[in-house]
Amino acid sequence: MGNITFTMIKPNAVKSGYTGEIIQRMVAGGFKVRAMKMTELSVKDAQRFYAVHSERSFFNELVEFMSSGPIVAIMLEKENAVENFRKFIGATDPAKADEGTIRKLFGENVQSNAVHGSDSDENAVIESNFFFSEREKF
Ligand code: CMP
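Residues numbered from 1 in each chain as written. Predicted model: local features only at pLDDT ≥ 70, side-chain atom pairs only at ≥ 80, totals over all residues. Heavy atoms only, no water.

Before going further, it helps to examine the pattern of salt bridges. Opposite charge on two side chains lets them pair, provided their charged atoms get close. Evaluation of the coordinates by the stated rule reveals 6 salt bridges. Between Lys-104 and Glu-99 there is a salt bridge, and its shortest N-O distance comes to 3.9 Å. Note that Lys-137 is salt-bridged to Glu-134, the shortest N-O span being 2.9 Å. Judged by relative accessible area, which is 18%, Lys-137 ranks as buried. (Salt bridge = Lys/Arg side-chain N within 4 Å of Asp/Glu carboxyl O. Buried < 20%, exposed > 50% of the residue type's maximum accessible area, 1.4 Å probe, protein only.)

Below, the structure written as structure tokens:
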């Protein structure tokens, strides 16, 4: 099990002004920020980032949403980071997420669910490398 995961604060949460509170909660939850930047995904970037979902019915809508405004990309460190972070943010659908989780608190619906979280150690590395060069990781 790895100690790195990758997260993005999604456009809806950034627009709503939740960035600071979400980062504060991550840090309070024991996740250490190893890399972070605010940026915007082009349509092509979003298609590439979510390529594993390209055959899904929601793909085009997801790409449009994820490229609709600034996001905050963050690489986090904690023991068993991927699994711990997925528990911490809650279920993909905020309506099904446990009380107190990030998606329950800040998510609007299954697409605008406030944050992304890597689903495996391998993807955590791939996704971190998508946004950060070696000299941007600390
Ligand atoms: P995320 O963790 O960013 O990974 C893939 C995203 O696809 C997921 O969060 C959701 O925002 C989105 N997603 C997953 N299932 C659906 C769905 N049924 N309808 C719309 N979007 C979805």
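Take the side chain of Ser-118 next. Turning to its location among the elements, Ser-118 is positioned in the loop between β4 (115-117) and α7 (121-131). Owing to a relative accessible area of 0%, Ser-118 belongs among the buried residues under this scheme. Within the structure, Ser-118 has its side chain in polar contact with the side chain of Glu-127 (distance 2.7 Å). The residues contacting Ser-118, other than those within four sequence positions of it, are Thr-5, Phe-6, Val-82, Arg-86, Asn-123, Ala-124 and Glu-127. (Helix = DSSP H or I, 4+ residues; strand = E, 2+ residues; numbered from the N terminus. Polar contact = N/O pair within 3.5 Å; in protein donor to acceptor, adjacent residues only side chain to side chain. Contact = heavy atoms within 4.5 Å.)

Further remarks concern helix α2 (residues 19-28). A turn of α-helix holds 3.6 residues, and therefore any two residues three or four places apart point the same way. Buried residues of α2: Thr-19, Ile-22, Ile-23 and Met-26, and no others. Along the long axis of α2, the arc covered by the buried residues comes to 95 degrees, so they all point the same way. Exposed and oriented more than 90 degrees from the buried face of α2 are Gln-24 and Ala-28. Among the residues trailing α2, Gly-30 stands out with phi positive, at a value near 95 degrees. (Arc of directions from axis to C-beta.)

Moving on, we come to a nonpolar patch on the surface. On the surface, Val-27, Val-33 and Met-36 cluster together into a nonpolar patch covering about 230 Å² of accessible area. Tracing the backbone through its elements, the reader meets Val-33 in strand β2 (residues 32-39). Since its relative accessible area comes to 32%, Val-33 is described here as partly exposed. (Patch = residues over 30% accessible without salt bridge, like charges linked within 9 Å, V, L, I, M, F, W, Y side chains within 5 Å. Areas by Shrake-Rupley, 256 points an atom, 1.4 Å probe, with all protein chains shown as cover.)

When you tally the buried positions in strand β3 (residues 71-77), you get 6 out of 7 residues, the bulk of the element. Note that strand β1 (residues 4-9) and β3 share 6 bridges and pair antiparallel. Bridge assignment links Met-8 to a residue of β3, and that residue is Ala-73. Of the strand pairs in this sheet, β2 and β3 are connected by 7 bridges, and their pairing is antiparallel. (Pairing = 2+ DSSP bridges.)

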